[in-house]
Amino acid sequence: MFKKFIEQERFDIDAKIRCFCFDYRHRLVYIGFSNGTVQQFNSGNGSLIKPINEYEVEKDGITTIKTHHTKDVTSMFVFYNNPESADADFILVTTSLDSLVNMYNEKDPEQSTKIRGIRGSHKIGDKVNEILCMDFSRRYNLLATGSVDGLIVLWDFELTKMEDLLYIHTYRPGSYNAVVIKFLDPYPVLAAAYSNGALFLWATKPNIQYRGQCFFRCKNFFKKENGFYPIQISSMLFINHNMNDIPFKVQYDKDFERQIPKDITEDQDLMTNPKYHSPQQTKSYLIIGDTKGWIKCIDLIPILKKFDIQIMDESTIQSSFNIMKKEEIHAESSLMYNLQKEKDFICNFSSLYPSLMRYEEHIHNDELIHISMIEEPFSLITTGKDQRIKIW
């Protein structure tokens, strides 16, 4: 529907859809394109409502329309405060391969206004690293961006202040791409998947003991007859839910992990200590999909218990008071200063133990690109590059 309308309106036919998001009512859809443009559409009939990031430049009497992003838009989300009130705040946040983060005031239904921008958040020296992914923690007011050099930057969303840099040991440019990141609200934890098949769990503020540290890391492997091969995780979904089980039939081939690569260590305490595996009503599952079409469900409760990662009291979290302020941030100096610090790991690489796995199955014939949850009835939707949509 959107493709047909775009062609009728004579938009740039060479521009491909790269990402999209909805407003909180799902009546509006924002679409980001490969040429850096962002457009708002009616989700019911596909009609264009307004351009988001265009502005006019006049030179020698000639007016030219430009966009705030110059490369592929890679991620977007809509932030809202008190959406049903008359003074509700609506902000669209966008990232792009040009390494910029832009924020737009979406209160006016006819016009978008850029209110904030972050430049240089992934610029190391003369190299501008492309931002591939972004996520937002509403509970802890944190914005995270991940780039092709494996660097993840955490920002205080309201203050536009750099909070933490998450990177693998001493920073080494180009070691791994950060391809998917996901905040595990209500826990102060960020899950990050890298191009080498690694999955890291990073502690964030307001956790004091491990803030900015990776407390658990593992690799996603694909087993063939002649050995193990790391497979990149392509999508993640976190479920913190009161339920008897996930909407899959629980099945896991424990023989799969009895033979693991030689460079992987077994944490016997995490695997066998009963205090980490005691039953509880609230389940905390991280569901991952990979580029081979596999889906896996990881029980995070034993990991969170072992490292005493607690849900922080909401009364200790600062509420928003000036979310619509205008500001342009140049982050190069803060970034270079923080990169001088060496990160210490408190864990070795682990396998996805049978004691942590709740489910795995090959469900798509190509890359699994998205996993979503439906609250009622509780179920999951998966989509893949095999052009299949499945409901579980």
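Attention in this report is confined to the structure presented alongside it. Quick caveat: nothing in here was measured; it's all calculated off a predicted structure.

### What about the overall build of the protein?
Stage number 1. For the protein, the helix and strand inventory stands at four helices and 31 strands.
Stage number 2. Burial statistics for the protein: of 392 residues in total, 52% are counted as buried.
Stage number 3. Surface summary for the protein: the accessible area is close to 19,100 Å², and the carbon and sulfur share equals 47%.

### What about the environment of Leu166?
Stage number 1. Tracing the backbone shows Leu166 in strand 16 (residues 161-166).
Stage number 2. When the C-alpha atoms of Leu166 and Gly150 are compared, they prove to be 8.6 Å apart, with 16 residues separating the residues in sequence.
Stage number 3. Not counting chain neighbours up to four residues away, the residues in contact with Leu166 comprise Gly150, Leu151, Ile152, Leu154, Leu190, Trp202 and Gly212.

### Some thoughts on the side chain of Arg116
Stage number 1. Examined against the element boundaries, Arg116 turns out to sit in strand 10 (residues 113-119).
Stage number 2. Using a relative accessible area of 0% as the deciding quantity, one classes Arg116 as buried.
Stage number 3. Of the polar contacts made by the side chain of Arg116, one reaches the side chain of Thr160; its length is 2.8 Å.
Stage number 4. With residues up to four places along the chain from it excluded, the contact list for Arg116 reads Ile91, Val101, Asn102, Met103, Phe157, Glu158, Thr160, Ile323, Lys325, Lys326, Glu327 and Glu328.

### Focus on the environment of Ile31
Stage number 1. Mapped onto the elements of the fold, Ile31 is located in strand 2 (residues 28-33).
Stage number 2. Here Ile31 falls in the buried class, since its relative accessible area comes to 3%.
Stage number 3. The sequence separation of Ile31 and Arg18 amounts to 13 residues, and the corresponding C-alpha distance is 7.6 Å.

Quick notes on the rules
Residues numbered from 1 in each chain as written. Predicted model: local features only at pLDDT ≥ 70, side-chain atom pairs only at ≥ 80, totals over all residues. Heavy atoms only, no water. Helix = DSSP H or I, 4+ residues; strand = E, 2+ residues; numbered from the N terminus. Buried < 20%, exposed > 50% of the residue type's maximum accessible area, 1.4 Å probe, protein only. Areas by Shrake-Rupley, 256 points an atom, 1.4 Å probe, with all protein chains shown as cover. Contact = heavy atoms within 4.5 Å. Polar contact = N/O pair within 3.5 Å; in protein donor to acceptor, adjacent residues only side chain to side chain.

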